[in-house]
Amino acid sequence: MNGSGGKAPGEQQEQLVVTISRQYGSGGREIGKKVAQQLGLPFYDREIIERAAQNSSMDIRLFENSETKDVPSLLSDLTAGVQFAQPVMDKVFLQQAGIIEELAAKGSCVMVGRCADAILYGHHQTLRVYIYADADSRRKRVEGTYHEPGGDLEKREKNRCTYYKHYTGKRFGDAENYDLCLNSGTLGEEECVKAICSAFHNHKAP
């Protein structure tokens, strides 16, 4: 049993998939990875896009950047034009959705991004988590940890919101779409991890 209390990972009566949605630069991926380690569960992030790319003939960069880079710009980097943007990105989404469903069917796990919260909701028991933070905290992480320009923050976040809205019909970051919303800027990573682990152990099916 880990220090978060409640049931040990092997004692839960049903499988439960933790989905981590996060603002760009909020540290959601790092938090999700730590949650998976503490709970002793598989962690899926990069593996989702790698499997999706392997199962298709599309460039892996389409999967890597689909959430945060605008589609015409992304496709112009990889192809001669943008006229097929919608069909291509639909294929990217469907490939990822299939992998997400496949991995969730194997048992409890932690998944980051890729609209997993919406894809799995209603089909699998999920604990839907949203990680956010103030712009300054996110910008510092983007520049200091990701070594990327902080000026891209708003654009990437807007693209992620547009992507999520298009494929789920829901508003990204709306509290009604999640079971737990945590501000990593004020709470810090470790407190977010503790809160998610506690919610996992105390989760009750609707």
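Since we're looking at a predicted model, the values are computed, not measured.

1. Overview of the confidence of the model for the chain
At step 1: The predicted model of the chain has a mean per-residue pLDDT of 82, with 78% of residues at 70 or higher.
At step 2: Mean pLDDT across the secondary structure elements of the chain bottoms out at helix α4 (residues 71–78), with 45, and peaks at strand β5 (residues 180–183), with 98.
At step 3: Counting interchain partners and residues more than four positions distant, the pLDDT-below-50 stretch residues 1–13 has 20 contacts.
At step 4: Every residue in residues 71–85 is under pLDDT 50, and counting partners more than four places away or in other chains gives 19 contacts.

2. Examining the sheet that holds strand β3 (residues 109–112)
At step 1: Overall, parallel pairing links the five strands, which are arranged β2-β3-β1-β4-β5 in an open sheet. On the outer flanks of this sheet lie β2 (43–44) and β5, each paired with one strand and no other.
At step 2: Packed on one face of the sheet, helix α10 (residues 189–201) meets β1 (17–22), β4 (126–132) and β5 and runs near 170° to β5.

3. Considerations on the nonpolar core
At step 1: F93, I100, M111, I119 and L120 are the most contacted members of the largest nonpolar core, which totals 24 residues.
At step 2: Counting residues per element, the ones that place at least two in this core are α2 (46–54), α5 (85–104), β3, α6 (116–120) and α8 (153–168).
At step 3: Counting residues per element, this core draws most heavily on α5, which supplies eight residues.
At step 4: Formed by 21 residues, the second largest nonpolar core is a distinct cluster that contains I20, V35, A36 and I196.

4. Quick look at the pairing of β4
At step 1: Of all seven residues making up β4, six are buried, and the element is well covered by its neighbours.
At step 2: With six bridges joining them, β1 and β4 adopt parallel strand pairing. Opposite V17, over in β4, you have T126 as the bridge partner.
At step 3: Note: β4 against β5, four bridges, orientation parallel. Bridge pairing links V129 to L180 in β5.

5. Quick notes on the pattern of salt bridges
At step 1: Inspection of every chain in the model, using the stated rule, returns seven salt bridges.
At step 2: One salt bridge connects K34 with E189, and the closest N-O pair in it is separated by 2.9 Å. Within this pair, whereas K34 is found in helix α1 (residues 28–39), its partner E189 is found in helix α10, the two being separated by 155 residues in sequence.
At step 3: Of the charged contacts, one joins K194 and E191 as a salt bridge, the two residues approaching to 3.5 Å between their closest N and O atoms. Taken together, the positions of K194 and E191, both in helix α10 and three residues apart, correspond to about one turn of that helix.
At step 4: With a relative accessible area of 48%, K194 lands in the partly exposed category.
At step 5: Here the residues in one salt-bridge network are K34, R141, E189 and E190, joined through shared partners.

6. Brief notes about the environment of R128
At step 1: In this fold, R128 is placed in strand β4.
At step 2: Of the residues examined, R128 reaches a relative accessible area of 6% and is grouped as buried.
At step 3: The sequence separation of R128 and I196 amounts to 68 residues, and the corresponding C-alpha distance is 9.7 Å.
At step 4: Excluding residues within four positions of it along the chain, R128 makes contact with T19, D117, Y121, N177, Y178, D179 and L180.

The rules behind these values
Residues numbered from 1 in each chain as written. Predicted model: local features only at pLDDT ≥ 70, side-chain atom pairs only at ≥ 80, totals over all residues. Heavy atoms only, no water. pLDDT = per-residue confidence, 0-100. Helix = DSSP H or I, 4+ residues; strand = E, 2+ residues; numbered from the N terminus. Contact = heavy atoms within 4.5 Å. Pairing = 2+ DSSP bridges. Axes fitted to C-alpha atoms, helices over the stretch in contact; angles between N-to-C directions. Core = buried A, V, L, I, M, F, W, Y, C linked by side-chain atoms within 4.5 Å. Buried < 20%, exposed > 50% of the residue type's maximum accessible area, 1.4 Å probe, protein only. Salt bridge = Lys/Arg side-chain N within 4 Å of Asp/Glu carboxyl O.

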